[in-house]
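# Summary of structural features
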There are 2 protein chains.
Amino acid sequence: MSEVAKAAGVSVMTVSNVVNGHRYVSETTRDRVLEAIDRLGYRVNVAARNLRSGSTGIIGLAVPGVDAPYFGQLAALLIEGATRLGYQIVVEQTGATRESELGALTHSRLRMYDGLIISTVGLGNEDAEQLRSEISGFPVVALGERLSGAGALDHVAMANVAGALDATRHLVERGCRRVAVLGGTLGPGVSAGSLRTAGYRSALAEAGLPWREELVVEREFTLGGGAAGVRALVAAGVAFDGLVCLTDTLALGALRALADHGLAVPDDVRVIGFDDIEQAAYAVPSLSSVAPGHSEMADAALRMLTERIAGRRPEGAFEEFTGPHRLVVRESTGG
Amino acid sequence: MSEVAKAAGVSVMTVSNVVNGHRYVSETTRDRVLEAIDRLGYRVNVAARNLRSGSTGIIGLAVPGVDAPYFGQLAALLIEGATRLGYQIVVEQTGATRESELGALTHSRLRMYDGLIISTVGLGNEDAEQLRSEISGFPVVALGERLSGAGALDHVAMANVAGALDATRHLVERGCRRVAVLGGTLGPGVSAGSLRTAGYRSALAEAGLPWREELVVEREFTLGGGAAGVRALVAAGVAFDGLVCLTDTLALGALRALADHGLAVPDDVRVIGFDDIEQAAYAVPSLSSVAPGHSEMADAALRMLTERIAGRRPEGAFEEFTGPHRLVVRESTGG
DNA sequence: TTGTATGCGTTATCAG
DNA sequence: CTGATAACGCATACAA
């Protein structure tokens, strides 16, 4: 910068003013400086600017992995939105382990992100105390269910209970009487799995159908998990005519395994997923799903985070947002 | 840091030495400093360190979008590898336009990444001149085909021609005589599409089958593109008994449309994709594909980039790597 | 409208 | 083994 200043016959301060588009720079000076900048190929040194300003313009995004379609699509929305807001996004993959999620949290401050959006799977509200101390004033938005904010974080959620309830109710309305839940959980705790399982359970109760443990298949939210879940159900000789899959990925795996077992969808078994990832519409049969308002969630997360970064939100007050959900009916539940 | 130094009764330099694990610090001093660091909750300021060191530890990754499974899975591998190497990755989404790809290139130096991995779609070798000036010494690795390096970039490629040739040959061996290519291109130029089309063409020639323009369906590499391509083929009354899809995403869209038209896979039409994304194995029918050695490509790209960042490669000499490919046969081509 | 002085937090250098 | 000093490149406050 000093070289530019010398070349243009001005002070470094004037160069700085030109670079940052400040007022009070005469046309002629500006032109002279710009010409020099151009000629010398000068670029601002972001590290120095960061040091000076105390901010980096970088938001961290911690997710299990961008290879999972759900997170890939979410990350795409967040990156796009962040770019529009003048931020960049560093993606950290946690692999869904509690340790690395905590690591990301710590890391986020070490690395000097301006803020962090974290979608936890391993880390839950039981870790709230540790989180609070780990974060202490640092802008963090929790995305998803495991961290429900617990009054210490801004939180973007989706309509897990209502969505799963709608999905299950939809199957029941189509005549299913033995509806299994793939990815469901019997355990306690707050997670996407347990909340959606609760929604499933409510729908059964509402319809006067019994809750049967044998219809709850606990699996990881992966293609392999979905396929294995169906195989297990069949192997155990459990009869079912409906399948609520807690994610679309799980559902796509299930469709595959159902085909392997010669079970027709939707004739023998009606299947519905959750997330409405793009692939759902192109599956064979196309997959009914619950669309959780991805873009609204991404927008909300970015808004909350940038407001907090800007200090526009009071330290103690935390916001909660739940995406609007919508049932999307396709072939897998009979169109 | 100065506060820590004061608290520990040493100089900032000693604190720095402790933080960076330098030798020549006595046990007792180290312990005292660490204790103070802990007590005061001190964290190194990365911006200052960056300013001092002239590097940021950040690698830019420019891809069309991480919502496309192929790029999502690639990004996941790169992020994981980069993390292992002590780098972080900022993801820039270009949306596959030439302008934003150029923008990413410019941006990469403005933002002070240590290097950039770029997978271009719009930008091609015809832009080589502009690229050269844009980059000029900055560490960049081109991933994919459009930028073949042109002797000015390190380049990680995949076996496009050989892979497509193997895929097409496989269909022919299974008895297909009218093999269409979905996503193929008639135009000139170097791109994944044109290279794979060339491979397809070679295989036809090798088998003594005629090259027919009507069997070349030019489409975007999306689910929608795949479905639309098949619809167009059927609508035009073009007979085909084999379908080489230039990406798996295209193939999954095609499978969907084939089902819509009542065409059985593999009985009426055999289908093969390219990329071997995870979903291929779980499609109904499961999708044969060409696995292009994703992880080897990711490793190679990171190795090349980090070596160049470290200045371990001569300025003028550029490296070329082609991933090992492998045909993966599944149901869609008859198992 | 432009320039001067100063400090952001680190670390390399070199003296002690 | 430890410490004083300078410098990385920029932008704020203030003076001219």
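Residues numbered from 1 in each chain as written. Chains lettered and ligands numbered in written order. Predicted model: local features only at pLDDT ≥ 70, side-chain atom pairs only at ≥ 80, totals over all residues. Heavy atoms only, no water.

## Things to note about empty space enclosed by the protein
By the definition in use, this model includes six cavities of 30 Å³ or more. Considered as a void within the structure, the largest cavity measures approximately 210 Å³ in volume. Lining the largest cavity are 14 residues, and of these Leu252 and Ala283 of chain A together with Leu252, Tyr282 and Ala283 of chain B sit closest to its centre. When residues of the lining of the largest cavity are traced back to their parent elements, those giving at least two are α11 (248-260) of chain A together with α11 (248-260) of chain B. Grouping the amino acids of the lining of the largest cavity by side-chain chemistry returns 12 nonpolar, two polar and no charged. (1 Å grid on protein atoms, 1.4 Å probe; cavity = no way out; pocket = protein on both sides within 12 Å on 5 of 7 lines; lining within 4 Å. Points joined across faces, edges and corners; volume = space filled by probe spheres on them. Helix = DSSP H or I, 4+ residues; strand = E, 2+ residues; numbered from the N terminus. Nonpolar A, V, L, I, M, F, W, Y, C, P; charged D, E, K, R; others polar.)

## A short note on the relation of the copies chain B and chain A
Comparison of the two chain copies shows a relationship of rotation about an axis with a shift along it. If you rotate chain B by 180° and push it 0.0 Å along the axis, it lands on chain A with an RMSD of 0.2 Å. Seen this way, the second copy is the image of the first under a two-fold rotation axis. Among all C-alpha atoms of chain B, that of Val90 of chain B lies closest to the rotation axis, at 2.2 Å. The overlap is high: 100% of the interface residues of chain B also sit at the interface in chain A, so the same surface is used on both sides. (Least-squares fit on C-alpha atoms with pLDDT ≥ 70 in both. Contact = heavy atoms within 4.5 Å.)

## Considerations on the protein's contact with DNA strand C
Taken together, 21 residues sit near DNA strand C, with Thr14, Thr29 and Arg52 of chain A together with Met13 and Arg49 of chain B positioned nearest. Backbone sugar and phosphate groups make up 64% of those atoms of DNA strand C lying within 4 Å of the protein. For DNA strand C, a phosphate oxygen lies 2.7 Å from a polar atom in the backbone of Asn45 of chain B. Arg49 of chain B is positioned with one of its side-chain polar atoms (N or O) 2.7 Å from a phosphate oxygen of DNA strand C. Counting residues per element, the ones that place at least two in the surface near DNA strand C are α2 (12-19) and α4 (46-53) of chain A together with α2 (12-19) and α4 (46-53) of chain B. (Near = heavy atom within 4 Å. Polar contact = N/O pair within 3.5 Å; in protein donor to acceptor, adjacent residues only side chain to side chain.)

## So, the pattern of salt bridges
Applying the stated criterion across every chain yields a total of 31 salt bridges over all chains. The partner of Arg313 of chain A in a salt bridge is Glu307 of chain A, with the nearest N and O atoms 2.9 Å apart. According to the relative accessible area criterion, Glu307 of chain A is buried, its value standing at 16%. The closest approach of N and O atoms between Asp154 of chain B and Arg308 of chain B, which form a salt bridge, is 2.5 Å. Taken as a pair, Asp154 of chain B in strand β5 (residues 154-157) and Arg308 of chain B in helix α12 (residues 294-309) lie far apart in primary sequence, 154 residues in all. With a relative accessible area of 1%, Asp154 of chain B lands in the buried category. Connected through shared salt-bridge partners, Arg303, Glu307, Arg312, Arg313 and Glu319 of chain A make up one network. (Salt bridge = Lys/Arg side-chain N within 4 Å of Asp/Glu carboxyl O. Buried < 20%, exposed > 50% of the residue type's maximum accessible area, 1.4 Å probe, protein only.)

## Details of the protein's contact with DNA strand D
Around DNA strand D lies a shell of 22 residues, among which Met13, Tyr42 and Arg49 of chain A together with Thr14 and Thr29 of chain B are the nearest. At the protein interface, 64% of the atoms of DNA strand D within 4 Å belong to sugar or phosphate. Side-chain polar atom of Arg49 of chain A to a phosphate oxygen of DNA strand D: 2.7 Å apart, as the coordinates give it. Between Arg52 of chain B and DNA strand D, the recorded distance is 3.1 Å, taken from a side-chain N or O atom to a base nitrogen. If you list the elements that add at least two residues to the surface near DNA strand D, you get α2 and α4 of chain A together with α2 and α4 of chain B. When residues in the surface near DNA strand D are grouped by element, the largest group, three residues, is from α4 of chain A.

## Comments concerning the interface of chain B and chain A
Counting from both sides, the interface comprises 51 residues of chain B and, opposite them, 51 residues of chain A. Across the interface of chain B and chain A, roughly 4100 Å² is buried in total on both sides, 60% from carbon and sulfur atoms. When the buried area of chain B at its contact with chain A is split by residue, Gln88, Arg256 and Tyr282 of chain B rank highest and sum to 17% of it. The interface formed by chain B and chain A includes two salt bridges. The residue Arg256 of chain B makes a salt bridge to Glu331 of chain A at a minimum N-O spacing of 2.6 Å. For the pair chain B and chain A, the number of links is 10 residue pairs in polar contact (both at pLDDT 80 or more). At the level of elements, α4, α5 (69-84), β2 (88-93), α6 (98-110), α10 (223-235) and α11 of chain B are the ones that each hand at least two residues to the side of chain B that touches chain A. Here the element with the most residues in the side of chain B that touches chain A is α5 of chain B; it accounts for seven residues. (Buried area = accessible area lost by both parts, 1.4 Å probe.)

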